[in-house]
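Below, each chain spelled out in residue letters.
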Amino acid sequence: MAAVIAVLEELRGLAPLTAEGAAARFSAQEWTPGGKPRQGVETSWDKGSIGAWIQTFSGGTVSVSFVVWSRGVDESGYFDDLEAVYEQGERALADFLPEIEESPLAGQLIKAEPTEADRDEFMTVKKWTLDARILTAGVMQQDTDLPVMVVVALEETGAA
């Protein structure tokens, strides 16, 4: 998880948070590009078992997301015990949260309340503001046949 914290620390220095700037930080931190450039910028990165993505939304808002834990479906195409997988995800998140809260970022984090949209997207979620950005960590499953994941995301609060 130190690799995620290191990139988050680097991204703090970007004003505004841009896809190009984020890609440069991943490259400098020796993440491996995933070969998914968009508009000339590498948007998919890997380091060890962690995947990261840079997304640019309408209005220029940029989000950098990390999947720090993932559990896929079994051979049948379904989860063997969905509740157990959710519990594993929640434990993985609980193990990761102290790394965020005790990192060099800790002095800049201000606890934020999850929105209704956050509660719809995540099974369990914790949120902070970090300067003028939102840092979110949570357990999610985007669809019933996709993996359950622990995701950490940093997003600009306004248009970049």
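Here, the structure is the one placed above.
In what follows, the accompanying structure is described. What you see is a predicted model; the values in this text were computed from it and never measured. (Residues numbered from 1 in each chain as written. Predicted model: local features only at pLDDT ≥ 70, side-chain atom pairs only at ≥ 80, totals over all residues. Heavy atoms only, no water.)

## Here we look at unusual backbone geometry
Phase 1: Across the junction of Ala15 and Pro16, the peptide omega takes the value 0°, indicating a cis bond.
Phase 2: Positionally, Pro16 belongs in the loop between α1 (2-12) and α2 (19-28).
Phase 3: Look at Glu30: it is not a glycine, yet its phi comes out positive at around 65°.
Phase 4: Note that Glu30 resides in the loop between α2 and β1 (32-33). (Helix = DSSP H or I, 4+ residues; strand = E, 2+ residues; numbered from the N terminus.)

## Considering the pattern of salt bridges
Phase 1: Under the definition given, this model contains 6 salt bridges.
Phase 2: The residue Glu10 makes a salt bridge to Arg25 at a minimum N-O spacing of 3.6 Å. Placement of Glu10 in helix α1 and of Arg25 in helix α2 is noted, with a sequence separation of 15 residues between them.
Phase 3: Its relative accessible area of 23% is what places Arg25 among the partly exposed residues. (Salt bridge = Lys/Arg side-chain N within 4 Å of Asp/Glu carboxyl O. Buried < 20%, exposed > 50% of the residue type's maximum accessible area, 1.4 Å probe, protein only.)

## Regarding the packing of aromatic side chains
Phase 1: Per the counting criterion, the structure on display carries 4 aromatic pairs.
Phase 2: Aromatic pair Phe26 and Phe66: ring centres 5.8 Å apart, planes at 50°, arrangement tilted. Taken together, the positions of Phe26 in helix α2 and Phe66 in strand β6 (residues 62-71) put the pair 40 residues apart, joining distant regions of the chain. Like Phe26, the residue Phe66 is buried in the burial classification.
Phase 3: Members of the aromatic cluster, each reached through a chain of ring pairs, are Phe26, Trp31, Trp45 and Phe66. (Phe/Tyr/Trp six-rings, centres within 6.5 Å; stacked < 30°, edge-to-face > 60°.)

## Focus: the sheet that holds strand β5 (residues 50-56)
Phase 1: If you walk across this open sheet you meet the 8 strands as β1-β4-β5-β6-β10-β9-β8-β7, and the pairing is antiparallel. The open sheet terminates on both sides in strands that have one partner only, identified here as β1 and β7 (109-112).
Phase 2: With 8 bridges connecting them, strand β8 (residues 122-130) and strand β9 (residues 133-140) associate as antiparallel partners. When the bridges of β9 are listed, Lys127 appears paired with Thr136.
Phase 3: Running over the sheet, α2 touches β4 (44-47), β5 and β6 and is turned about 160° from β5. (Pairing = 2+ DSSP bridges. Contact = heavy atoms within 4.5 Å. Axes fitted to C-alpha atoms, helices over the stretch in contact; angles between N-to-C directions.)

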